[in-house]
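# Report on the structure
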Amino acid sequence: MTELVLKRLGEALTINSLLARLKSIWMLVIAIPIALAILDPAQLEPVLTKAVGALAHTLPYIVFAVLLIAYLKASGAERVIADAFKGRENRMIVFAALFGGLAPFCSCEVIPFVAGLLAAGVPIAAIMAFWLSSPLMDPAQFVITAGALGWHFAIAKTIGAVMIGLMAGFVVKAFSKSPVFADPAKPRPSSGCCKAAPGLDKRGKPVWAFWHEADRREVFRFEAIESFVFLFKWLALAYMLEGLLIAYVPAESITQYVGGPGPMPVIIGALIGLPAYLNGYAAIPLVSGLVEQGMSPGAAMAFIMSGSVSCIPAMAAVYSLVKFRVFLAYAILGLIGAMLIGGVYSLTV
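### A closer look at the overall build of the protein chain
What the protein chain contains, in helices and strands, is 15 helices and zero strands. For the protein chain, with 349 residues in total, the buried portion stands at 49%. Long-range pairs, those at least 24 residues apart, make up 82% of the contacts in the protein chain between residues at least 6 apart in sequence. Here the protein chain displays about 15900 Å² of accessible surface, and carbon together with sulfur accounts for 71% of that area.

Laid out in structure tokens, this is it:
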């Protein structure tokens, strides 16, 4: 285990890896202020002030989220999610939705996990419940959402994630005999994008005091570094985009389409969010900016829900394992669920 962790850590710090990262997210973070300085110098200071201030405000939440996710990985606590897929189908659906909305799985970790469930013959209804709730919320997203949009929004989004998973699970169960869900799996792909987390102890329980084992300490350090870099770079970009949004998108135009009461702002918010392909973390500051500009809370919830369902990692995870008809059902159920949760949330605020 130690050799594997050190090898992966070494790979993460290679020149090629660092250059690849610079060409993507970090390059955009650097390019935005440079472009502003050249094209519109007057907006440079307001955009940077907004971005840096928001990032500084969120930094304690990032640190807490990083430590939490590293602790869960090192202790092996995420492995207990397998217990959700035992017993009767209704029980599977309920626990799969609960664990999907709370477990610290990244999208690439879901691939081998769900591939194993499909190969083991676990009902597609339970798998869909987990699959739809999983990208919507995890412990790190919860903490960062609370910091940017408030605890009320974060709690509502968590409940919404579980509700969407339940809705999807029971809908799929009702139509499980239809041709759509017959023989759903593609041939199992290989996956190696995520490092394997340590397992449970000999009694099948998480090792909460992980620091007594060298292998788990290495996993904790590795996950903490990787999680911090991942969260910081995406949030740095997102807060830059939020600053641009506030600077260049008139508040009245946002209010006109996705502001105010009624179902239309919620429907429009969900429809805009679905093709946006937003990273779950990057969406949080953007939604905060949209709300600040006049987006209604219900539309904001629908937007962030549908955007999380359709983000590229989540979509790729689904498409890599199941046939197109099941993939399409996933997207449709996610869109409908986002509209429903956004509509309900608009009634509570």
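### Quick notes on the packing of aromatic side chains
With the rule as written, the count across this model stands at 10 aromatic pairs. With centroids separated by 5.4 Å and ring planes inclined at 75 degrees, the aromatic side chains of Phe210 and Trp211 adopt a geometry described as edge-to-face. Judged by centre distance (5.0 Å) and plane angle (25 degrees), the rings of Phe210 and Phe220 are stacked. Placement of Phe210 in the loop between helix H8 (151-174) and helix H9 (214-248) and of Phe220 in helix H9 is noted, with a sequence separation of 10 residues between them. For the residue pair Phe210 and Phe220, the accessibility class agrees, reading buried in each case.

### Comments concerning helix H13 (residues 297-309)
Since the α-helix advances by 3.6 residues per turn, residues separated by three or four positions end up pointing in the same direction. Counted at 1.5 Å a residue, the expected span for H13 with its 13 residues is 18 Å, and the 18 Å between its end C-alpha atoms agrees. For H13, a buried count of 12 out of 13 residues is recorded, marking the element as mostly surrounded by other parts of the structure. Listed as buried for H13 are Gly298, Ala299, Ala300, Met301, Ala302, Phe303, Ile304, Met305, Ser306, Gly307, Ser308 and Val309.

### Some points on unusual backbone geometry
Positioned with a positive phi, Asp183 is a non-glycine residue whose angle comes to about 45 degrees. Topologically, Asp183 is positioned in the loop between H8 and H9.

### Thoughts on the packing of helix H7 (residues 139-149) against H8
Two elements in contact, H7 and H8, have axes whose closest approach is 7 Å; the angle formed by their N-to-C orientations is 145 degrees. The way H7 lies across H8 gives a crossing that is right-handed. Across the interface between the two elements, Gln141, Phe142, Thr145, Ala146 and Leu149 of H7 pack against Trp151, Phe153, Ala154, Ile155, Lys157 and Thr158 of H8. Of the residues that constitute the contact of H7 with H8, the class distribution is seven nonpolar, three polar and one charged.

### Here we look at the pattern of salt bridges
The final tally for this structure, using the stated rule, is four salt bridges. Between Arg216 and Glu213 there is a salt bridge; the shortest N-O distance is 2.9 Å. The class for Glu213 is partly exposed, based on a relative accessible area of 36%. The partner of Arg221 in a salt bridge is Glu218, with the nearest N and O atoms 3.0 Å apart. Taken together, the residues Arg221 and Glu218, both in helix H9 and three residues apart, mark about one turn of the helix. Overall, Arg221 belongs to the partly exposed group, its relative accessible area being 43%. On the basis of relative accessibility, which here comes to 17%, the residue Glu218 falls in the buried class.

### Looking at the environment of Ala224
Counting through the fold element by element, Ala224 comes out in helix H9. Each C-alpha atom of the pair Ala224 and Tyr71 lies 8.6 Å from the other, and the pair is 153 residues apart in sequence.

### As for the packing of helix H4 (residues 89-102) against helix H6 (residues 124-133)
Direction vectors running N to C along H4 and H6 enclose 15 degrees, while the axes themselves pass 7 Å from each other. As summarised for this structure, H4 and H6 are arranged roughly parallel, according to the angle between their axes. Where H4 crosses over H6, the two elements pack in a sense that is right-handed. Along its contact with H4, which presents Glu89, Met92, Ile93, Ala96, Ala97, Gly100 and Gly101, the element H6 presents Ala125, Ala126, Ala129, Phe130 and Ser133. Considering only residue class, the contact of H4 with H6 consists of eight nonpolar, three polar and one charged.

### Thoughts on the environment of Val266
Tracing the backbone shows Val266 in helix H11 (residues 263-273). On a C-alpha basis, the gap between Val266 and Phe303 in space is 7.8 Å, while along the polypeptide they are 37 residues apart. Apart from the residues within four sequence positions on either side, Val266 is in contact with Gly298, Ala299, Ala302, Met339, Gly342 and Gly343.

### Observations concerning a nonpolar patch on the surface
Together, Tyr319, Phe324, Leu328, Ile332, Ile336 and Leu340 make up a nonpolar patch on the protein surface, roughly 570 Å² of accessible area in all. When residues in the nonpolar patch are grouped by element, the largest group, five residues, is from helix H15 (residues 324-346). Mapped onto the fold, Ile336 is located in helix H15.

### Digging into the confidence of the model for the protein chain
Of the residues in the protein chain, 77% reach a pLDDT of 70 or more, and the chain-wide mean stands at 78. At the low end of the mean pLDDT range in the protein chain sits helix H1 (residues 2-12), at 45; at the high end sits H8, at 93. Contacts of residues 4-15 to residues separated by more than four positions or lying in other chains number 18 contacts, the stretch itself having pLDDT below 50.

### Section: the environment of Leu28
Secondary-structure assignment places Leu28 in helix H2 (residues 15-39). Linking Leu28 and Met240, residues 212 residues apart in sequence, is a C-alpha distance of 9.4 Å.

The rules behind each value
- Residues numbered from 1 in each chain as written.
- Predicted model: local features only at pLDDT ≥ 70, side-chain atom pairs only at ≥ 80, totals over all residues.
- Heavy atoms only, no water.
- Helix = DSSP H or I, 4+ residues; strand = E, 2+ residues; numbered from the N terminus.
- Buried < 20%, exposed > 50% of the residue type's maximum accessible area, 1.4 Å probe, protein only.
- Contact = heavy atoms within 4.5 Å.
- Areas by Shrake-Rupley, 256 points an atom, 1.4 Å probe, with all protein chains shown as cover.
- Phe/Tyr/Trp six-rings, centres within 6.5 Å; stacked < 30°, edge-to-face > 60°.
- Expected span 1.5 Å × (residues − 1).
- Axes fitted to C-alpha atoms, helices over the stretch in contact; angles between N-to-C directions.
- Left-handed = near helix turned anticlockwise from the far one by under 90°.
- Nonpolar A, V, L, I, M, F, W, Y, C, P; charged D, E, K, R; others polar.
- Salt bridge = Lys/Arg side-chain N within 4 Å of Asp/Glu carboxyl O.
- Parallel < 35°, antiparallel > 145°, perpendicular 65-115°, else oblique.
- Patch = residues over 30% accessible without salt bridge, like charges linked within 9 Å, V, L, I, M, F, W, Y side chains within 5 Å.
- pLDDT = per-residue confidence, 0-100.

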